[in-house]
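Coordinate inspection notes
The lines below spell out each chain.
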Amino acid sequence: ALETEQRILDRFESDKGKLESLVSVEKTKEHLDAHPNLTKGQREAIYAMATTKDRYLGIQGFAGTGKSTMLETGVALIDTFQKVLGNEVNFVGLAPTHAAVGELRDKGIEARTSQSLIQEMIGDDFNPEKYSKTIFFLDESSMVSNKQMDQYTDLVKQSQARSYKLGDQGQLSSQSAGKPFELGMSRGAIQTVIMKDIVRQNNPEVLSAVENVIDRN
């Protein structure tokens, strides 16, 4: 298990700073300036999505920090800029349950269960190039085991895709075997953005309670 985990971590490290940014820094800043209502966390996440030169990115945020708006705005920026360049980018969400898949689809993201992708990958006629222009949005618990993550990161490497992990910062705590993505983020092997600004809670008492939870992390 440790050998598998190390192989996964090595893949994270090997593709840091090796890619071209999907959107220029200038155009990203212009886009963000045109959306003044975005929180600091949303802006940082969108900026990272658009300008990172890494294959893997982690975006963590507590409930209520506006991950849906961040995702929709970031996808629109990347899609628009790449189309201007004559390129096509496919956005594919991966989630552990059909309910979570539905939530990603509600955000306008093509989505499927992570297990269905694994099953496709192990098929005899699988072609990694199918995903060469893909950004995978990986749900927090979508890869259950080291074995599956090993297969997944191998696919990402072979296809030259990108993988952005979406999740709840409150769950970024385990460094146990079987959670290599979390381990990669906690060790700095994966660039990570933390969204802390609550945008959904208008009740002052509840907002204060949520912010206290955030401050403890």
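This structure is a prediction, so every number in the text was calculated from the model and none was measured.

In a regular helix each residue adds 1.5 Å, so 13 residues correspond to 18 Å; helix α1 (residues 2–14) covers 18 Å between its end C-alpha atoms and thus fits that length. Considered for burial, the residues of α1 that qualify are T4, E5, I8, L9, R11 and F12. All buried residues of α1 lie within an arc of 150° about the axis, which places them on one face of the element. When the buried face of α1 is taken as reference, the exposed residues oriented beyond 90 degrees from it are L2 and E3. Check the buried side of α1 and you find it contacts β1 (56–61), α7 (146–159) and α8 (180–186).

Spatial ordering of the open sheet is given by β3-β2-β4-β5-β1-β6, a layout of six strands whose pairing is parallel. Looking at which strands have only one partner, the edges of the open sheet turn out to be β3 (110–113) and β6 (191–195). Across the sheet, the mean angle separating the axes of adjacent strands is 20° when strand polarity is ignored. Sheet contacts for helix α3 (residues 40–51): β1, β4 (134–138), β5 (162–167) and β6; angle to β6, the most-contacted strand, approximately 155°.

The next thing to look at is the confidence of the model for the chain. Overall, the predicted model of the chain reaches an average pLDDT of 85, with 85% of residues at or above 70. For the chain, helix α9 (residues 204–216) is the element with the lowest average pLDDT, namely 49, and α3 is the one with the highest, namely 97. Contacts for the low-pLDDT stretch residues 172–176, under 50 throughout, to residues beyond four places or in other chains number eight contacts.

As a further point, take the nonpolar core. A general trend in soluble globular proteins is that nonpolar side chains are found buried together. Membership of the largest hydrophobic core comes to 31 residues, with the highest contact counts inside it found for M49, I59, M70, I78, F91, I135 and F137. Of all the secondary structure elements, the ones that give two or more residues to this core are α3, β1, α4 (67–84), β2 (90–95), α5 (98–106), β4, β5 and β6. For this core, the element with the highest residue contribution is α4, accounting for six residues. Not counting the four nearest positions on each side in its chain, I78 is found in contact with L22, V23, M49, A50, F91 and I135.

Tallied over the entire structure, the rule returns 11 salt bridges. Two residues, D79 and K83, come together in a salt bridge whose shortest N-O distance is 3.3 Å. Highlighted residues: D79 and K83, both in helix α4, separated by four residues, approximately one helical turn. On the basis of relative accessible area, K83 is assigned to the exposed category, the value being 55%. Here the salt bridges share partners, and the residues they tie into one network are R7, R11, D150 and D154.

What follows deals with the environment of P96. On the secondary structure map, P96 appears in the loop between β2 and α5. With relative accessibility at 33%, the residue P96 sits in the partly exposed group. Taking the C-alpha atoms as reference points, P96 and D139, separated by 43 residues in sequence, lie 7.2 Å from one another.

Quick look at the packing of aromatic side chains now. If you walk through the whole model with that rule in mind, you get six aromatic pairs. With a centroid separation of 6.2 Å and 15° between ring planes, the pair formed by F91 and F137 is classed as stacked. Residue F91 is found in strand β2, and its partner F137 is found in strand β4; the two are separated by 46 residues along the sequence. The class of F91 is buried, set by a relative accessible area of 10%. The exposure class assigned to F137 is buried, which follows from its relative accessible area of 0%. The interplanar angle of 70° and the centroid separation of 5.9 Å between the aromatic rings of F137 and Y164 together place this pair among those described as edge-to-face.

Each value, and the rule that gives it
- Residues numbered from 1 in each chain as written.
- Predicted model: local features only at pLDDT ≥ 70, side-chain atom pairs only at ≥ 80, totals over all residues.
- Heavy atoms only, no water.
- Helix = DSSP H or I, 4+ residues; strand = E, 2+ residues; numbered from the N terminus.
- Expected span 1.5 Å × (residues − 1).
- Buried < 20%, exposed > 50% of the residue type's maximum accessible area, 1.4 Å probe, protein only.
- Arc of directions from axis to C-beta.
- Contact = heavy atoms within 4.5 Å.
- Pairing = 2+ DSSP bridges.
- Axes fitted to C-alpha atoms, helices over the stretch in contact; angles between N-to-C directions.
- pLDDT = per-residue confidence, 0-100.
- Core = buried A, V, L, I, M, F, W, Y, C linked by side-chain atoms within 4.5 Å.
- Salt bridge = Lys/Arg side-chain N within 4 Å of Asp/Glu carboxyl O.
- Phe/Tyr/Trp six-rings, centres within 6.5 Å; stacked < 30°, edge-to-face > 60°.

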